Each structure stands twice: as C-alpha cells, then as structure tokens.
Amino acid sequence: MRIGATATVSVLSLALITGCGGSDDDSKESGASKEAGASSSPSTTTAAKALSTAELKKLFLAKGDVAGYEVDTADDGSLPKSKSEVKTDKTECAPLAHAMAGLAPGDTDASASYTVTKTPKAGASPDDASLEDALNVEITFVGLSSYAGDGAEKAVKSVSDAIAACSGGFTITAQGEKQKVTKVASVKASGKGDESVGFSVASDMDGEGTATINTEVVRVGNAVSSYYTVNFASFDSGKAAPVPTAVIDAQLTKLK
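Remember, predicted model here, so these are calculated numbers, not experimental data. (Residues numbered from 1 in each chain as written. Predicted model: local features only at pLDDT ≥ 70, side-chain atom pairs only at ≥ 80, totals over all residues. Heavy atoms only, no water.)

Asker: Explain the packing of aromatic side chains to me, please; I cannot follow it from the model alone.
Answerer: The description of an aromatic ring pair uses the distance of the two centres, along with the angle that the planes make with each other. For the coordinates displayed, the defined rule picks out one aromatic pair. Consider the rings of Phe60 and Tyr114, whose centres lie 4.4 Å apart with planes at 40°: the pair is tilted. Remark: Tyr114 occurs in strand β5 (residues 111-118) and Phe60 occurs in the loop between α3 (53-57) and β3 (69-72); sequence separation between them is 54 residues. What makes Phe60 buried here is its relative accessible area of 9%. (Phe/Tyr/Trp six-rings, centres within 6.5 Å; stacked < 30°, edge-to-face > 60°. Helix = DSSP H or I, 4+ residues; strand = E, 2+ residues; numbered from the N terminus. Buried < 20%, exposed > 50% of the residue type's maximum accessible area, 1.4 Å probe, protein only.)

Below you can see the structure in the form of structure tokens.
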C-alpha cells in the first residue's frame with residue numbers, strides 16, 4: 001500500500017478518513033436511460049416546492065436504518081460546507097465535484113450531507129489490525145438537495161452532461177488543496193428513483209498511479225441524493241468500491 005500517495009489522493013477522500021461529518025449549503029432529461037451510466041423514468045415534476053436544509057436533515061438515515069452500516073451525522077467541519085469551498089478549473093465539471101463533495105449538483109441553497117460507514121467484520125480487533133486492514137473501511141458520503149420546479153431534473157442533467165464534457169479530466173480545489181482527476185467515465189447506475197446516473201473518476205496519487213472512485217446521483221421527485229463511496233484499501237487494485245445499493249434503497253425510502 002502506497003500510504004503517502006493514498007493519503008494525498010483527494011482532499012475529499014482525506015476528509016472522509018480523518019474526520020467524517022455532515023455539511024450543508026446556505027443525465028439527460030427523460031432520455032438519460034439511453035446513455036451508459038444513466039436510467040430514468042418519465043418526468044413527474046409539477047410545481048414542486050423545495051425542502052429547506054433543516055427539513056432535509058430530518059430525512060437523514062438513522063441508527064438501525066441500514067443493517068451492517070453505521071450512520072454519522074455530526075458536523076465537525078472537516079468537509080466543505082458550501083460550493084464556494086469547492087472549485088474546478090472547468091466550469092462544466094462543477095456538478096461532478098459538487099456531487100462528490102455531498103453538495104447540491106444543481107442550483108439550490110437547500111442541501112445537507114452525512115456519512116454512512118460499513119460496519120467492520122465481527123471479531124476484528126483494532127490492536128491486531130494491520131495498516132491495510134485499517135484502511136479497508138468502506139465509507140459513503142451521502143448528499144441531499146431539494147429544488148423548486150424542475151430544478152431537480154436540471155441538476156441530474158447537469159451531472160449527465162458533465163460526465164461527457166469532462167471525460168478527459170479536470171482539477172478540483174477544495175479547502176485549499178488540489179485534486180487532479182485524470183479521467184471521468186459513466187458507470188451503470190442502480191436504476192433507482194425517478195432517474196439515476198453513475199460515474200467514476202480516476203484521481204492521480206501524486207504520480208504513483210491512480211485511484212478510481214464511484215459516485216451515483218439519484219432523483220426522486222424534486223429531491224436529489226448523491227452517493228460517493230470510498231474504500232482506501234482498494235486504491236492499489238485500481239478497482240472502485242461499488243456504491244452500496246442498501247444505502248441508496250434506505251435513503252430513497254425516506255425521500256419518497
């Protein structure tokens with residue numbers, strides 16, 4: 001395990017492993033199902049009213065909602081709180097960076113985020129664990145956002161458009177640190193909700209290879225949820241940890 005490179009691969013990922021906390025921010029429309037990485041159902045948007053950040057926080061998963069996972073909704077200031085803290089060198093790539101950071105991918109001030117961590121196997125002793133075992137932790141950063149009118153559909157479309165526009169990579173600057181994304185690609189979405197889109201990013205590890213990380217964005221009515229899943233132990237393999245379907249299902253149950 002290249003520990004130094006792993007530790008610097010991404011300010012977003014580093015924030016997840018050093019202190020996971022919640023944050024909030026004061027696809028092609030219906031044809032997305034024809035593209036790799038996206039699925040959708042016909043539009044059901046009406047004159048929808050956006051939920052507030054406070055209302056979104058009430059929809060967070062809680063202890064016991066997902067078997068085998070621990071939920072952390074604490075706000076310890078380790079992750080970006082607003083879009084002003086997450087910049088991209090290419091404007092069209094901003095929706096991807098925002099989804100990865102648990103921020104709203106579209107135009108809204110109503111957003112909130114928290115983390116869900118897969119529970120370690122029973123019997124594992126922290127004293128006996130190797131460094132690689134310690135890094136073998138699956139963390140999903142969940143972001144919720146809500147929109148008025150057709151804003152949620154536009155948010156998903158902005159992500160879908162960005163996957164194609166940013167396939168050659170882009171650079172994220174978050175909390176004063178830079179992360180170089182060398183490649184963006186569509187991945188098969190779960191097909192959950194009214195529409196969903198999945199993508200992977202390959203991030204440079206200080207010149208010592210790349211780490212691949214998956215994100216999925218799902219719309220239910222006028223609410224959008226994003227899921228950015230990291231497992232540091234998988235970085236050397238070049239394989240991305242899959243976004244856990246159980247977490248998506250549990251969250252969507254609360255959003256419907």
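The rest of the description comes next.
Asker: How should I be thinking about the pairing of strand β10 (residues 210-220) in this particular structure?
Answerer: On any regular strand, side chains alternate: one points to one face of the sheet, the next to the other face. Burial runs high along β10: ten of the eleven residues are buried. Both strand β9 (residues 195-204) and β10 contribute to a ladder of ten bridges, which runs antiparallel. Looking at β10, one finds that Glu195 is bridged to Arg219. If you look at the hairpin formed by β9 and β10, you'll find five residues sitting between the two strands, and Asp206 has a positive phi there, around 50°. The pairing of β10 with strand β11 (residues 223-231) spans seven bridges and is classified as antiparallel. Each bridged residue has a counterpart across the sheet, and for Glu216 the counterpart in β11 is Tyr227. (Pairing = 2+ DSSP bridges.)

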